[in-house]
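# Remarks on the overall topology
Now for the letters of each chain:
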Amino acid sequence: MRADRNKPYPEILHPGDVIVRVTRSCICGSDLHLYHGLVPDTRVGMTFGHEFTGEVVEAGSAVQKLKVGDNILVPFNVACGMCPFCKQELYGNCHESNSQATAVGGIFGYSHTAGGYDGGQAEYVRVPYADVGPLIIPDWMHPDDAVLLTDVVPTGYQAAEMGGIKPGDTVVVFGAGPIGIMAAKCAWLFGAGRVIVIDQLEYRLEFARNYAQCEAYNFRSLEDPVLFLKKTTGYFGADVCIDAVGCEAAGSALQTITGRKTLMQAGSATALQWAINSVKKGGIVSIVGVYGPTINMVPMGNVVNKGLTIRANQASVKRLLPRLVEHIREGRIDPKALITHRVPLEEVADAYHIFSRKLDNCIKPILIPPSARA
Ligand SMILES: NC(=O)c1ccc[n+]([C@@H]2O[C@H](COP(=O)([O-])OP(=O)(O)OC[C@H]3O[C@@H](n4cnc5c(N)ncnc54)[C@H](O)[C@@H]3O)[C@@H](O)[C@H]2O)c1
Ligand SMILES: [Zn+2]
Ligand SMILES: [Zn+2]
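Owing to the predicted nature of the structure, the values given are computational and were not obtained by experimental measurement. (Residues numbered from 1 in each chain as written. Chains lettered and ligands numbered in written order. Predicted model: local features only at pLDDT ≥ 70, side-chain atom pairs only at ≥ 80, totals over all residues. Heavy atoms only, no water.)

### What about the coordination of the zinc ion (ligand 3)?
The condition that has to hold: Metal sites are built from N, O and S donor atoms within 2.8 Å, or 3.2 Å for Na, K and Ca, and they leave out water, so they may look incomplete. Classification of residues uses two cut-offs on accessible area relative to the type maximum, computed with a 1.4 Å probe and protein chains only: under 20% is buried, over 50% is exposed, and between them is partly exposed.
Those protein atoms acting as donors to the zinc ion (ligand 3) are Cys80 (SG), Cys83 (SG), Cys86 (SG) and Cys94 (SG), and they sit at 2.3 to 2.4 Å. For the zinc ion (ligand 3), all donor residues lie on one chain, and their spacing in sequence is C-x2-C-x2-C-x7-C. Note on Cys83: relative accessible area 4%, which makes it buried.

### Some details on the nonpolar core
Stated precisely, the cut-off is as follows: By nonpolar core is meant a set of buried Ala, Val, Leu, Ile, Met, Phe, Trp, Tyr and Cys residues that side-chain atoms within 4.5 Å join together. The way it works is that DSSP assigns letters per residue, a run of H or I at least four long becomes a helix, a run of E at least two long becomes a strand, and they are numbered from the N terminus. Contacts are assigned to residue pairs that have any heavy atoms within 4.5 Å of one another.
By size, the foremost hydrophobic cluster in this structure holds 71 residues, and its most contacted members are Leu149, Val171, Val173, Met182, Val197 and Ile242. In terms of residue count, the dominant contributor to this core is helix α5 (residues 178-189) (seven residues). Each residue touching Leu149, except ones within four places of it in the same chain, is listed here: Leu73, Met141, Pro154, Val317, Leu321, Leu324, Val325 and Ile328.

### As for the coordination of the zinc ion (ligand 2)
Applied cut-off: Geometry assignment treats four donors as tetrahedral when all angles are between 85 and 135 degrees, treats four as square planar and six as octahedral when opposite donors are over 155 degrees apart and all others between 65 and 115, and treats everything else as irregular.
The protein atoms that coordinate the zinc ion (ligand 2) are Cys28 (SG), His50 (NE2), Glu51 (OE) and Asp151 (OD), at distances spanning 1.9 to 2.3 Å. One can describe the site at the zinc ion (ligand 2) as tetrahedral: its four donor atoms subtend angles covering 95 to 129 degrees at the metal.

### What about empty space enclosed by the protein?
Put simply, the rule is: Lining residues are those with an atom within 4 Å of a point, where the points come from a 1 Å grid over the protein atoms alone and group into cavities, where a 1.4 Å probe fits but cannot get out, or pockets, open sets with protein on both sides within 12 Å along at least five of seven lines. Grid points are joined across faces, edges and corners, and a volume is the space filled by probe spheres set on the points. Throughout this entry, Asp, Glu, Lys and Arg are counted as charged residues, while Ala, Val, Leu, Ile, Met, Phe, Trp, Tyr, Cys and Pro are counted as nonpolar. The remaining residues, Gly among them, count as polar.
All told, the structure shown has one cavity of 30 Å³ or more when counted by the stated rule. In terms of residue class, the lining of the largest cavity is made up of ten nonpolar, two polar and no charged.

### Some details on the pattern of salt bridges
Our working rule: The working definition used for a salt bridge is a side-chain nitrogen of Lys or Arg within 4 Å of a carboxyl oxygen of Asp or Glu.
One pass over the structure, following the stated rule, counts 18 salt bridges. Asp144 is the partner of Arg342 in a salt bridge, and the nearest nitrogen-oxygen pair spans 3.0 Å. Here Asp144 lies in helix α3 (residues 143-148) and Arg342 lies in strand β14 (residues 339-344), a separation of 198 residues in the sequence. On the basis of relative accessible area, Arg342 is assigned to the partly exposed category, the value being 47%. Overall, Asp144 belongs to the buried group, its relative accessible area being 5%. Between Arg209 and Glu206 there is a salt bridge, with its nearest N and O atoms 2.8 Å apart. With Arg209 and Glu206 both in helix α6 (residues 202-212), this residue pair falls three residues apart, about one helical turn.

### Brief notes about the site of ligand 1
What counts, and what does not: One heavy atom within 4 Å of a molecule or strand is enough for the residue carrying it to be called near that molecule or strand. By the criterion applied in these results, polar contacts are pairs of N or O atoms within 3.5 Å in which, for protein atoms, one can donate a hydrogen and the other can accept it, and in which residues neighboring in sequence qualify only through two side-chain atoms.
Contacts to ligand 1 come from 32 residues, most closely from Ser30, Asp199, Arg204, Val245 and Ala315. The separation between an oxygen atom of ligand 1 and a polar side-chain atom of Arg204 is 2.8 Å. The side chain of Gln314 places a nitrogen or oxygen atom 3.2 Å from an oxygen atom of ligand 1. Those elements giving two or more residues to the shell around ligand 1 turn out to be α1 (29-35), α5 and β9 (194-199). Of the residues forming the shell around ligand 1, the biggest block, four residues, is contributed by α1. Broken down by class, the residue content of the shell around ligand 1 amounts to 17 nonpolar, eleven polar and four charged.

### A look at the sheet that holds strand β13 (residues 309-312)
Consider a sheet: its strands pair through backbone hydrogen bonds, and that pairing is either parallel or antiparallel. The following threshold applies: DSSP calls a pair of strands paired once it identifies at least 2 bridges connecting them. Every axis corresponds to a line fitted to the C-alpha atoms, with the helix fit spanning only the stretch in contact, and the corresponding angles, defined between N-to-C directions, vary from 0 to 180 degrees.
One open sheet holds the six strands; their spatial order is β10-β9-β8-β11-β12-β13, and the pairing between them is parallel. Single-partner strands in this sheet number two, and they are β10 (215-218) and β13. The mean angle between the axes of side-by-side strands here comes to 20 degrees, regardless of whether they run parallel or antiparallel. The pairing of β9 with β10 spans four bridges and is parallel. When the sheet's bridge partners are listed, Ile198 is paired in β10 with Tyr217.

### A few points about the packing of helix α4 (residues 152-162) against helix α11 (residues 317-329)
We apply this condition: Oblique is the label for every angle not falling under 35 degrees (roughly parallel), over 145 degrees (roughly antiparallel), or within 65 to 115 degrees (roughly perpendicular).
Remark: α4 packs on α11, axes separated minimally by 10 Å, with the N-to-C direction vectors making an angle of 95 degrees. Viewed along their axes, α4 and α11 adopt a mutual orientation that is roughly perpendicular. Side by side, α4 and α11 meet where Val153, Pro154, Tyr157, Gln158 and Glu161 of the first sit next to Val317, Arg319, Leu320, Arg323, Leu324 and His327 of the second. Class assignment for the residues of the contact of α4 with α11 results in six nonpolar, two polar and three charged.

### A few points about the packing of aromatic side chains
Note the cut-off: Classification of ring pairs uses Phe, Tyr and Trp, with its six-membered ring standing for Trp, and accepts pairs whose centres are within 6.5 Å; under 30 degrees between planes counts as stacked, over 60 as edge-to-face, and the remaining range as tilted.
Tallied over the full model, the rule gives ten aromatic pairs. Measuring from ring centre to ring centre gives 5.1 Å for Tyr9 and Tyr124, while their planes differ by 45 degrees; the resulting arrangement is tilted. With Tyr9 in the segment before β1 (18-26) and Tyr124 in strand β6 (residues 124-127), the pair connects residues that are 115 residues apart, well separated along the chain. A residue is classified by how much of its surface remains accessible, and Tyr9, at 60% relative accessible area, is exposed. Take Tyr124: its relative accessible area is 25%, and that puts it in the partly exposed class.

### Description of the side chain of Asp31
Note the following rule: Within this scheme the basic residues Lys and Arg register as positive and the acidic residues Asp and Glu register as negative, but His and the chain ends are omitted.
Here Asp31 shows up in helix α1. In this structure, Asp31 is buried with no salt-bridge partner, the nearest side chain bearing the opposite charge being Lys364 at 6.5 Å. Excluding anything up to four places from it in sequence, Asp31 contacts Cys26, Phe48, Gly49, His50, Tyr110, Gln121 and Tyr352.

### Remarks on the pairing of strand β8 (residues 170-174)
Side chains on a regular strand alternate between the two faces of the sheet. Put simply, the rule is: By convention a crossover is right-handed if, when the strands point away from the viewer, the path from the first strand over the helix to the second runs clockwise.
With five of its five residues buried, β8 lies for the most part within the structure. Residue alternation in β8 divides its side chains into two sets, Thr170, Val172 and Phe174 and Val171 and Val173, and both sets are buried. For β8 and β9, the ladder comprises five bridges, and the chain directions are parallel. Paired with Phe174 across the two strands is Ile198, which belongs to β9. At this point the chain moves from β8, through α5, to the parallel β9, and the crossover so formed is right-handed. Pairing of β8 with strand β11 (residues 238-243), which is carried by four bridges, proceeds in the parallel orientation. Bridge pairing in β11 links Val171 to Val240.

Structure follows, in structure tokens:
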């Protein structure tokens, strides 16, 4: 990871593109999967970054909704808005923006597996389909809230939404990173009666307790997290379990060796396994943690025999933006509170190091390019 001053400026490649001067970009847990070499076809020289805001500095001839000078937030999904999947508001599964793939659509700065788009951890970035995804940032909105609307808020919200939470439900969230914390916060909006977060980092558990008013437990101090969750739910299991960890989960030597060290599976599925095993019969497992394109070891027999529903996806950011803007305006969600580190873009390598190693009580780092610091 390095800041490369020789990279050429992006250019308009299609009349529907805009060029954006970046004002803020975040580093995400998803970027760590790239950084740790778990995403196939991550090429040297590509610019990472799928969470960014900026000012439009150039607009293609076909762009209608944006003009030069607009301040926009850009959903992490690259979506055409026209294909059958976009028409169903499955903006994370666009059929056009990543046409070589059969699963995920295009994602900014997320390897050639996700379309090979350069991302926004940069001074300038090309945004295709500019009339589809980007939203002009309302005047009243804090710029730090805007940048978290590009991924963290919609992903956390969709994690809760996919859980089909009913009033009074007990919801367990695995992972107290920005996504898990936001999922816990949003679980209450759907009427949860009890929200439990599981992680291994005390500072994050403490943050989750304060920010999301939830219970939070360290799986390192539990002999068996699944048994603990069974016990605390009267041996029924949770109504809803959310996997907000994904392919770099800790907690099982077997999963770690096969998934993270030898890459015999698409990352370790420890959190997903715990989610499946600690949800009640007939319950719902909602997965937003990212896994690779091949296979994972999950207890499929338990899924079948418990009659579970599994729901999963990349967040459909554009679909959720209108209601999330309202939640922020009404003060029900305060996204910017998650930002713990503001790092000059030139120091991007240090920011990755801090976030990856979970140093300095880091929850969410944002990168500020020089022109936005003036
Ligand atoms: N589906 C989407 O649209 C989408 C969007 C953004 C992020 N993600 C994914 O969500 C996941 C979380 O992202 P993040 O930014 O919060 O990452 P993060 O790395 O900051 O947080 C992950 C957390 O999981 C914890 N953890 C590790 N093993 C665990 C286990 N077995 N049980 C419980 N917790 C465990 C870690 O200690 C860490 O705090 C990542 O996989 C990321 O790729 C998905
Ligand atoms: Zn992200
Ligand atoms: Zn599409």
